[in-house]
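What follows is the residue order along each chain.
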Amino acid sequence: MEVLDIIKPENQVFCKTKLMTDTPLSYCPGCGHGTAHNLTMEVIDEMGITEDTIGVAPVGCSVLAYDFMNIDMTQAAHGRAPAVATAIARTWPKKYVFTYQGDGDLAAIGTAETIHACNRGENIVIIFVNNGIYGMTGGQMAPTTLEGMKSSTSPFGRDIQTMGSPLKMTELVAQLPGTYYVTRQSVHTHKHARKAKKAIRQAFENLKLKKGVSFVEIVSNCNSGWKMTPNDANEWMVDNMFPYYPLGDIKVNGKLK
């Protein structure tokens, strides 16, 4: 059988959601952002809420989301995505509002906005991609950089005594009364991507029910910032990131697991 014989609609096993634009992804090869983008858009498409969804992109690698997500998007200043999302959600309470943020944005300059939006229980979804480094601006140490992990601003590795411990934002926001669903996932394998999509879907379902903040962390690699091949970066992530940032649900239906 020739290859062309099987290229038929009935044999198609995957189709790119129409909510991802045809713009070629500009992320580094092997980066988890593209998969996280696609999963989010698949959920919105499958729920039939395209016309009622508004995304907020901040600064960092995440800012590129509006190039690839074919929905209404707005940009926020560095770290201010939860504040902008709060304003949109309060102005248009029937809209599905989400932020898509990296660790430098959410856990550094945006810590206050994140904490207070979660504490107030704003009806928004926060998608938080944690790759343990400032990926866009030169590979500097981030709040989530692991102990001993090297970066352009910690060339000898993160020293806890002088630089503090890596910040576990997801566990932190899970303690706040305004968070209803808090989970940590990954997208480096098909199995993990399916779990991440299920978590994103749950977050948007909670949004429809006006349950407050749903917070989905996605632990990702940054092979360019980590100076590794994509495969080596994924293996390093499993061996080093996951022990400190364990995957799974942390808070479900407003109750800590």
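Residues numbered from 1 in each chain as written. Predicted model: local features only at pLDDT ≥ 70, side-chain atom pairs only at ≥ 80, totals over all residues. Heavy atoms only, no water.

Trainee: Explain the pairing of strand S3 (residues 96-102) to me, and be specific about the residues and the numbers.
Mentor: With respect to burial, S3 is a largely interior element, seven of its seven residues being buried. Residues Tyr96, Phe98, Tyr100 and Gly102 line one face of S3 and the alternating positions Val97, Thr99 and Gln101 line the opposite face, and both faces are buried. Pairing between strand S1 (residues 53-57) and S3: four bridges, direction parallel. Its bridge partner lying in S3, Thr53 is registered against Tyr96. Where S3 meets strand S4 (residues 125-130), five bridges bridge the pair, whose relative direction is parallel. Its bridge partner being in S4, Gln101 is matched across the sheet by Phe128. (Buried < 20%, exposed > 50% of the residue type's maximum accessible area, 1.4 Å probe, protein only. Helix = DSSP H or I, 4+ residues; strand = E, 2+ residues; numbered from the N terminus. Pairing = 2+ DSSP bridges.)

Trainee: Give a description of the sheet that holds strand S6 (residues 213-219) that names residues and reports values.
Mentor: Strands belonging to one sheet form pairs held by backbone hydrogen bonds; the direction of such a pair is parallel or antiparallel. In spatial order, the strands read S2-S1-S3-S4-S6-S5-S7-S8; together these eight strands make up an open sheet with mixed pairing. Across the chains shown, the open sheet's two edge strands, defined by having one partner strand only, are strand S2 (72-75) and strand S8 (255-256). Packed on one face of the sheet, helix H1 (residues 33-47) meets S1, S3, S4 and S6 and runs near 175° to S3. Contacts from helix H10 (residues 230-244) reach S4, strand S5 (179-186) and S6 within the one sheet, and its direction differs from that of S6 by about 140°. (Contact = heavy atoms within 4.5 Å. Axes fitted to C-alpha atoms, helices over the stretch in contact; angles between N-to-C directions.)

Trainee: So what's going on with the pattern of salt bridges? Which residues, and what values?
Mentor: One pass over the structure, following the stated rule, counts 12 salt bridges. In this structure, Glu42 engages Lys197 in a salt bridge whose closest nitrogen and oxygen atoms are separated by 3.0 Å. Taken together, the residues Glu42 in helix H1 and Lys197 in helix H8 (residues 190-208) connect sequence positions 155 residues apart. Here the two residues Glu42 and Lys197 agree in accessibility, since each one is buried. The salt bridge involving Glu122 is made with Arg90; its shortest N-O contact spans 2.6 Å. Of this pair, Glu122 sits in the loop between helix H5 (111-120) and S4 while Arg90 is found in helix H3 (residues 81-91), placing the two residues 32 residues apart along the sequence. (Salt bridge = Lys/Arg side-chain N within 4 Å of Asp/Glu carboxyl O.)

Trainee: Provide a residue-level description of a nonpolar patch on the surface, including the pertinent values.
Mentor: A contiguous nonpolar surface patch, about 330 Å² in accessible area, is contributed by Leu4, Ile6 and Ile7. Position of Leu4 among the secondary structure elements: in the segment before H1. (Patch = residues over 30% accessible without salt bridge, like charges linked within 9 Å, V, L, I, M, F, W, Y side chains within 5 Å. Areas by Shrake-Rupley, 256 points an atom, 1.4 Å probe, with all protein chains shown as cover.)

Trainee: Lay out unusual backbone geometry in plain terms, naming residues and giving numbers.
Mentor: Leaving glycine out, the prevailing phi sign among residues is negative, and the prevailing peptide bond configuration is trans. Positioned with a positive phi, Lys227 is a non-glycine residue whose angle comes to about 60°. Take Lys227: it is sitting in the loop between helix H9 (223-226) and H10. With relative accessibility at 70%, the residue Lys227 sits in the exposed group.

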